Each structure stands twice: as structure tokens, then as C-alpha cells.
Amino acid sequence: MPEKPVQIFMSYARDDDALPPELQSSEARGFVTSLLGQIAYEWQDKGGPSPTIWCDIRRVASGEPFDTPITSAIDQSSLLLVVLSRNWMESEYCRGELAAFTERWKSDPNIRERIIIVGKNHVDPDRRPALLQNQVGYLFYALQEMDEIEPEKDFFARGKVRDARYFEQVTSLAGFLLRRATRLADRERRPDPEVPRQPPVVAQEPPQNRRIVYLAKPAGDMVEAYGRLVRELTGAGYGIVPDPKLDLPVDASATDVVDKALAQAHVAIHLLGQRPGFAPEGQEPIAKLQLQRAARTLTVPASERPDGTAFKRVVWAPKVASAGEWDNERDPLAVLSQFDRYVEGDVVEGATLSRFVETLGQLIGAPVIRAKGLDRLEPKSRIYVYYDARDAEFGYNVAKALKQRNLTPMWPTIDGTDAENSQVHHNNLRECDSVLLCWATAPDTWVRASSSELADWKMLGRSRMFDWRGLIAGPPPGLPKRMFVDFRSGDEIDVVVDLSTHQEPPKPDDLNQLLSAQ
């Protein structure tokens, strides 16, 4: 019985297969149909078994959810052939096909090898989805920057081949698809048990003291603005969720992904054009879905959020289109009403993208969140005074000074077994409000290990962030202390009090430097 050939799913925008009016009644072919015919000819000319290309030839409305044939075809396809173009980028349906294929093969650490790009016209690499970046693909156009009349030359236009390089690219593409399909078929017939599968890429969580922005995944007409904001926000030091490199799932799990990301964020930014975006299975389109889930987050009291801060939505609904997406000036509030209702506290902006970027800092706050100072802590707040056994006396004096400021010190044990001392230490880290390292005579290896432990509060089993993470450096002075005070990581320690030259035990007034932590 012959083996089933490898199936290739072709993702393309229907407008990229359109014919000009003068050829509508002829036997001429559009770009996509012509490409399929040329690839089939190349495979036939070479002879032997060849893969199959699954291509949806129906006219599907933008925003229409996937149906069974599409879902089944993606599930049965081993390769994805993306006809990348400006039309593809604006199609929520096409981006949904990419997301569905990604979900299908998410367990494959080499998923990029399963995706092949055909470039119909130029798309800036920064605008592309993450999986389509860092590969050139097979280009059916050439950039001619010095040619003001035709800066981009299409090899195929108005139903005809316009440049001999078209056939060169077809031959190369067909040969590559054949080789890649053959290799995948061999791999699937003879899986290598010696090669461990790597876990899929997961988003890295931003550091504790960074303001975290939920930057809503955009519909196709806001992709360029989204890319600009990703660059601006990350460059300024903000954390962004969901991970800009990962697309939202196309199934019902999209809601969980959105909710988990919103739970980490201090503020949400939503970019509203004309389009609602693709609709995950059984859900609203992504622009509406994310606004609605963010509105639910607004109902959570600040005291119940992990970081203890209030949440808000910032909506950018530009009045004027930057690239002709719409003709008339829009009312930003009216635009919001098309996607979700206005909620008290919403910030709705309609300025140009550049102006919006300029005012972001005022709208969402500084990228670094300063820790609370001692004067802003609740009375009886629990401060874990942590020290090495060699610095127990110094730690005791710090705890005494905190007690005199109406705060509740917690302390480690040093007389138990290593296992008992470790258990108390981790319980204190989990239950305290703030942590204060006390470093006098212990080696710098102790303070570096202890401070690095504070970088990720979730890994400690905590239900919320620390109010602050501090360090008091006691005598004797020395280069290791100066190095740590001057070059410490802000991801681990929020504020340092340097008492290394003080000969007297620390007093309550010596802790005033912690007041500058807010």
C-alpha cells in the first residue's frame, strides 16, 4: 500500500490571487493559482513521489471563524507555505491559520523548519509574526531603492509573468519543498528516540520592579502600530505581556492566556482600528475579547491584586488613519463603543501614533516601580530581617530598630539543623511583607546568593510581590560592599542603606534612608 504523501497547507490572502478587470473573462491565472500550477509542473517534470498542497479556493469573509475543512487540513499538514504579502498581513483569517498551525506543531522544537515563506511583495521584517521573522524565503519581487518610479518590481503582475526571475524562484521553491517534505517523511517513519524533545518556547516574566503593560494583540490593521509600541515600551524598560513573540491561541484557551497575562499587568493598552481581529473558537474577535477581559480585571480591588496597585485600560483609537485605512475623521469614544462599553477611568486617546507614544509615560506611569518606603508601610508590617549566622548581632540591632518604628521583624533560625533552618527561611520569605538583608562580616558570596533569591517572588511561593526588598550594609567597609552598593541589580534589591563606616549599632533614625525607596 503506497504511503500517504506529505501534505503542505498553503496560507494566502484571496486578494493576492485576484485578476485585473481586463482579464476576468479570460483563462488567465492569478498569482497564487499560477504558482500552484508551476510547482505542480516542476514536481511532475522531476518524476517520482511528491507532496500535495492543500489550498482553500473558497471565498471566506474576513473574521469568519474556521470551519471543519480548514481545521482538518491544518491538522493533517506537515508543512505551512505562507504567501506573505501586505494583504496577508491584514488578513485576520491568514494570521489565524498561522496560529492554528503553530498550535498543531507546538511540541516540535524545530517548528520553524515546517514554515516556508513565499514573498509576493515586501513586508517589513519587524511587522511580521515572530515565526515569520529571521527567514527570507523565496521572493517574487525585487526592491529597487534607487528607482523612484518602480521602487518594488513584481515578478508577476496583472495576471502575467513580468520578470524571468519568477521561473528561477519557482524552480528553487519547488525543489526545496520536495526535499523538505522528503526529509520530514523520513523523520516520521524513523523517529530518533535518542534526541530529546525540547519544551516549547514560553514567555519570560518581567522582573518584579518593572511596570508591566498588557499590550493587546492587534487586528490586522493595527499590526504596524503594535510593532512600534513593542519597540518603544521595551526600549523604555517596561515589561510586556502577553509575550510579543507569541500569538494568541485560535481555540478556547485564548481566554485563559489573556486572563493570566492581565493578572500580571498594571495597565492594558488596546489599539483600535476598523477591524476586530480573528475570533478564537467560541469567542469574540480578539479586539473585543481583550477589552472585555480587561474590563473584568478592573473589578478586582487593588488590595487583592498581586502587586497591590489599581488597574486601568488605555485605548488608542486614532482619529485619522496613517495609511488610508479609513477616510473620515473618527470619534475615539465612538470607536471604543463599537468594541466595548466605556468604563469609568478608561483613558481614550485619538492623537497620532507618534504623539501617543510621547505621552505614554504620563498615561501609564514610569517603567520602574519604586518600592514602598518605611513611612508608607502599614503599621505592624512584617519585615524579614535575614542575616548570616556570623552577623546575628548586627541583625538583632537592625530588628530592634525596626521594632522601634512600629514594624514587626521576623528573623531566621541558626541553631537548628540545615533542613530546619532552611524551612524557617523559606516560610519567612513566603509570609513576610518585605525583606531586609543584613550584611556585615559575612562573605560577599552570601549576599549575592541571598539577593538573587529575591528576583522572582512567585518562585518563593508568595501570593503577591514584596512591598520592598532592601539591604543594610554594616561594618567593616571594603571593596565588596562598595561594589554591591554601586552595582547591585535592581531586579533583586530595591534600596540599600550603607552603614559600613558606622561604628555604633544601627538606630531607628539610621533607617531613614529607606524612606527614599518610594
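Structure first, text after, so check above.
The notes below deal with the structure included here. Just so we're clear, the structure is a prediction, and the values are computed from it rather than from any experiment.

## Remarks on the packing of helix 2 (residues 68–76) against helix 4 (residues 92–104)
The geometry of helix 2 relative to helix 4 is characterised by a closest axis approach of 9 Å and an angle of 45 degrees between their N-to-C directions. Classified by the angle their axes make, helix 2 and helix 4 are oblique. In the packing of helix 2 onto helix 4, the handedness of the crossing is right-handed. Counting all contacts with helix 2, which are made through I70, I74 and D75, the residues of helix 4 involved are Y93, E97, A100, F101 and R104. Residue composition of the contact of helix 2 with helix 4, by class: five nonpolar, no polar and three charged.

## Here's the deal with the packing of aromatic side chains
Applying the stated criterion across every chain, the model contains eleven aromatic pairs. Ring geometry for F31 versus F156: centroids 5.8 Å apart, planes at 70 degrees, classification edge-to-face. Taken together, the residues span a long stretch of sequence, with F31 in helix 1 (residues 31–46) and F156 in strand 8 (residues 156–157) at a distance of 125 residues. The exposure classification of F31 matches that of F156, with both residues buried. Aromatic pair W439 and F484: ring centres 6.0 Å apart, planes at 80 degrees, arrangement edge-to-face. Here F484 lies in helix 14 (residues 479–487) and W439 lies in strand 17 (residues 434–439), a separation of 45 residues in the sequence. The burial state of W439 is the same as that of F484; both residues are buried. Of the aromatic side chains, those joined through ring pairs into one cluster are F31, F140, F156, Y166 and F167. Of note, K120 hangs over the ring of F31, and the distance from its end group to the ring centre comes to 5.6 Å.

## Considering helix 2
For helix 2, the complete set of buried residues consists of I70, A73 and I74. The buried residues of helix 2 occupy an angular sector of 95 degrees when the element is viewed end-on, so they sit on one face. Against strand 1 (7–11), strand 2 (52–54) and helix 4 lie the buried residues of helix 2.

## Examining the side chain of R313
Assignment of secondary structure puts R313 in strand 13 (residues 312–316). Polar contacts involving the side chain of R313 include one to the side chain of D340, which spans 2.8 Å. For R313, the side chain forms a polar contact with the main-chain oxygen of R341, separated by 3.1 Å. Those residues within four positions of R313 in sequence are excluded, and the remaining contacts are A268, H270, L291, A294, A295, L298, D340, R341, V343, G345, D346 and V347.

## Brief notes about the pairing of strand 12 (residues 267–271)
Of all five residues in strand 12, five are buried; the element is thus mostly enclosed. What you see with strand 12 is no split at all: V267, I269 and L271 on one side and A268 and H270 on the other are buried throughout. Of the pairings in the sheet, the one linking strand 10 (residues 212–215) to strand 12 comprises three bridges and is parallel in character. The residue of strand 12 that forms the bridge with V213 is V267. Where strand 12 meets strand 13, five bridges bridge the pair, whose relative direction is parallel. Within strand 13, the position partnered with A268 by the bridge is R313.

Analysis parameters
Residues numbered from 1 in each chain as written. Predicted model: local features only at pLDDT ≥ 70, side-chain atom pairs only at ≥ 80, totals over all residues. Heavy atoms only, no water. Axes fitted to C-alpha atoms, helices over the stretch in contact; angles between N-to-C directions. Helix = DSSP H or I, 4+ residues; strand = E, 2+ residues; numbered from the N terminus. Parallel < 35°, antiparallel > 145°, perpendicular 65-115°, else oblique. Left-handed = near helix turned anticlockwise from the far one by under 90°. Contact = heavy atoms within 4.5 Å. Nonpolar A, V, L, I, M, F, W, Y, C, P; charged D, E, K, R; others polar. Phe/Tyr/Trp six-rings, centres within 6.5 Å; stacked < 30°, edge-to-face > 60°. Buried < 20%, exposed > 50% of the residue type's maximum accessible area, 1.4 Å probe, protein only. Lys NZ or Arg CZ within 6 Å of the ring centre and 35° of its normal. Arc of directions from axis to C-beta. Polar contact = N/O pair within 3.5 Å; in protein donor to acceptor, adjacent residues only side chain to side chain. Pairing = 2+ DSSP bridges.

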